[in-house]
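A look at the structure
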Amino acid sequence: MDEASRPALRPVESIVVPDREHGRVLVLRDTQGVTEANAVLPPVLVPIVARFGGRLTCAQIASEASREIGSEVPVEVVVRLASELERGLFLEGQTFRAAKQRVEREFAESSVRAATHAGGAYHGDRSKLRRYIDESCLAMANGTSRAKNGTMVGLISPHIDPWRGAVGYGHAYTSLAATLPAEVETFVVFGTSHAPMREPFALCRKAFQTPLGEVAADLQAIDALAGAAEGFDPYADQFNHKKEHSIEFQVVFLKHVLEGRPFRIVPVLAGLGAHQSSGEDPERDASVRKFVDGVRALVEKRAGRVVVVAGADLAHVGPRFGDETPYDDAARAKLESADRGSLERASVADAPGFWADVARDLDSRRVCGLAPIWSLLRSIPGGTQGRVLHYEQTVDAEDGSIVSHAAMGFYA
């Protein structure tokens, strides 16, 4: 990097977190899995990195940032920051492309998708994990989740980390264990892709590793869905599965509650990014429609043997997600009303109504589970009834930011 370089930040997740020294810092995280490192930027550097769009030179960035903050920003500081982010694989360029090609090749050649978040988002030790799920998750479910609601055909579960989402996971998977037909052998698991996707859906033909053992992929079903994909490559974004947690967490809970029982999974990341940006119902897109029709056909062909799961959180609000202030009690109540209104549409498998309801305030509510929940609603059999098992707003103790999530079962 030099003064004439034009640094371009690649697509990464950015969040604002509390910091003892700086008050708040900006954290850049790679959701694709090319690097495990995070970039932590104090507030003074934000006006600089915010201009890393590939249009301005380092010298121009220094000049603009100086005018914004009212004091001189030496060009050497911009060059040094850009160089460090380039080495850390946060900038577009040859360094990043070479690393991405290597990691993608390694992932493509592996027959198993590693348990990326074991030891971090949940226990990596088998015994500790089993005990945690039993005592801190499943034991928290009340009688409603344990009650026989019918035969389960679909499940919405949180994908927040199991430390914070313990109760929600407990309700979801206690109900699954209590209402799952003995004939079920395959779970189609839709997950949110937190990394950008080029195509609407991404399949993965790999077994998923967990601390509790490996879970095989249903290759026959996956190949059938790949054949149903028209107008897009269902494996173009397969690499996004490497680090994505929304499916991984579901597989861990499935493996636990179905201990000793053979089953397979069909991992599907749902992006639908273009449709979320425009608000347009994905049903109007022929390629999307044919793919979810393929999932529905799989469910109907193997009636009683397939359950559809969506790993999906709801709202993301507060300072960490770009809002100026935390939500007060009135705002939290309004948020719950909006979330429950969306869930009410989901409960009657109203896919168009659910999409429209969430899309109207997606910019402010930031429901990251829109795509997988819509996909589930389009895939489950007609005539099913959804029931909210648990709703929760998980509040960050540091800055009051909120992630809302729910467990909902669908029963025939």
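Everything discussed here concerns the structure shown above.
Notes on the structure in this doc start here. Source: prediction; values computed, not measured.

Right, let's talk about empty space enclosed by the protein for a bit. Summed over all chains, the structure comprises 1 cavity of 30 Å³ or more. By volume, the largest cavity is sized at about 30 Å³. In this structure, the largest cavity is lined by Tyr122, Leu129, Ile133, Pro162, Val252 and Phe253. At the level of elements, α5 (126–137) and α9 (245–257) are the ones that each hand at least two residues to the lining of the largest cavity. Taken together, the residues of the lining of the largest cavity sort by class into 6 nonpolar, no polar and no charged.

Let us look at the packing of aromatic side chains. Within the structure shown, the criterion is met by 11 aromatic pairs. With a centroid separation of 5.4 Å and an interplanar angle of 20 degrees, the aromatic rings of Tyr173 and Phe253 are classed as stacked. Linking Tyr173 in helix α7 (residues 166–179) with Phe253 in helix α9, this pair joins segments that are 80 residues apart in sequence. One cation-aromatic arrangement involves Lys206 over Phe107; the distance from NZ or CZ to the ring centre is 4.8 Å.

Among the surface-exposed residues, Asp2, Glu3, Glu72 and Glu76 lie close enough to one another that they form a single negatively charged patch. With respect to the helices and strands, the residue Glu3 is situated in the segment before β1 (13–19). For Glu3, a relative accessible area of 45% puts it in the partly exposed group.

So, about the layout of surface pockets. One water molecule sets the probe size; rolling that probe over the atoms shows where empty space is left. As a volume, the second largest pocket reaches approximately 320 Å³. In terms of lining residues, the second largest pocket is bounded by 18 residues, among which Gln32, Lys100, Glu104, Arg198 and Phe239 are the most central. Across the lining of the second largest pocket, the residue classes tally to 8 nonpolar, 3 polar and 7 charged.

So, about the pattern of salt bridges. Where side chains of opposite charge bring their charged atoms close, a pairing between them can arise. In the structure shown here, the tally under the stated rule is 28 salt bridges. Between Glu185 and Arg264 there is a salt bridge; the shortest N-O distance is 3.9 Å. Of this pair, Glu185 sits in the loop between α7 and β6 (186–192) while Arg264 sits in strand β10 (residues 264–270), and the two are 79 residues apart along the sequence. Relative accessible area serves as the criterion here: at 30%, Arg264 is assigned to the partly exposed category. The partner of Asp293 in a salt bridge is Arg378, and the shortest N-O contact between them spans 2.7 Å. Of this pair, Asp293 sits in helix α11 (residues 286–301) while Arg378 sits in helix α15 (residues 370–379); the two residues are 85 residues apart in sequence, bridging distant segments of the chain. The partly exposed category is assigned to Asp293, whose relative accessible area is 35%. Given a relative accessible area of 11%, Arg378 falls into the buried group. Beyond isolated ion pairs, a larger network of salt bridges with shared partners links Asp339, Arg345, Asp357, Arg360, Asp361 and Arg365.

This part is about the state of the cysteines. In a disulfide, the sulfur atoms of two cysteines are covalently bonded to one another. Tallied over the entire structure, the rule returns 0 disulfides. Sulfur of Cys137: no disulfide; nearest cysteine sulfur belongs to Cys368 and is 19 Å away. Given the relative accessible area of 0%, Cys137 is considered buried.

Moving on to the pairing of strand β5 (residues 152–157). Along β5, 6 of the 6 residues are buried, which leaves the element largely enclosed by surrounding structure. Across 4 bridges, the pairing between β5 and strand β14 (residues 402–411) is antiparallel. The residue bridging Leu155 from the neighbouring strand is Gly409, located in β14. Sheet topology places β5 next to strand β11 (residues 306–311); 4 bridges connect them, and they run parallel.

Most peptide bonds adopt trans geometry, and most residues besides glycine take a negative phi value. Phi is positive for Leu89, which is not a glycine, with a value near 75 degrees. Topologically, Leu89 is positioned in the loop between α3 (75–87) and α4 (94–109). Assessed through its relative accessible area of 12%, Leu89 is described here as buried. Unlike most non-glycine residues, Ala349 shows phi in positive territory, near 55 degrees. Residue position: Ala349 is located in the loop between α12 (329–347) and α13 (351–359). Looking at Ala349, the relative accessible area reads 27%, which means it is partly exposed.

The rules we used
- Each residue is numbered by its place in its chain's sequence as written, counting from 1.
- Reporting of local features is limited, given that this is a predicted model, to residues whose pLDDT is at least 70; pairs of side-chain atoms are given and counted only at 80 or more, and all residues count toward the totals for whole chains, interfaces and linings.
- For side-chain calculations, the full set of non-hydrogen atoms in the structure is used, while hydrogens and water are omitted.
- Cavity: a set of points on a 1 Å grid over the protein atoms alone where a 1.4 Å probe fits but cannot get out. Pocket: an open set with protein on both sides within 12 Å along at least five of seven lines, its lining residues, like those of a cavity, having an atom within 4 Å of a point.
- Grid points are joined across faces, edges and corners, and a volume is the space filled by probe spheres set on the points.
- Counting from the N terminus, the helices are the DSSP runs of H or I reaching at least four residues and the strands are the DSSP runs of E reaching at least two.
- Think of it as three bins: nonpolar holds Ala, Val, Leu, Ile, Met, Phe, Trp, Tyr, Cys and Pro, charged holds Asp, Glu, Lys and Arg, and polar takes everything else, Gly as well.
- Pairing of aromatic side chains here covers Phe, Tyr and the six-membered ring of Trp, requires ring centres within 6.5 Å, and sorts the geometry by plane angle: under 30 degrees stacked, over 60 edge-to-face, intermediate tilted.
- Any Lys NZ or Arg CZ that is within 6 Å of a ring centre and within 35 degrees of that ring's normal is treated as a charge sitting over the ring.
- Grouping into patches uses exposed residues only, defined as over 30% relative accessible area, and leaves out salt-bridged ones; the cut-off is 9 Å for like charges and 5 Å for nonpolar side chains (Val, Leu, Ile, Met, Phe, Trp, Tyr).
- Accessible areas in this description were obtained via Shrake-Rupley with a 1.4 Å probe; residue shielding takes into account the shown protein chains only.
- Every case where a carboxyl oxygen of Asp or Glu lies within 4 Å of a side-chain nitrogen of Lys or Arg is listed as a salt bridge.
- The convention is simple: Lys and Arg are positive, Asp and Glu are negative, and His and the chain ends are not counted.
- Every charge is mapped onto a representative atom, which is NZ of Lys, CZ of Arg, CG of Asp or CD of Glu.
- Relative accessibility under 20% of the residue-type maximum defines a buried residue, over 50% an exposed one, and the middle range a partly exposed one, all with a 1.4 Å probe and only protein chains included.
- Here, two cysteine sulfur atoms that lie within 2.5 Å of each other are counted as a disulfide.
- A pair of strands counts as paired when DSSP detects no fewer than two bridges linking them.

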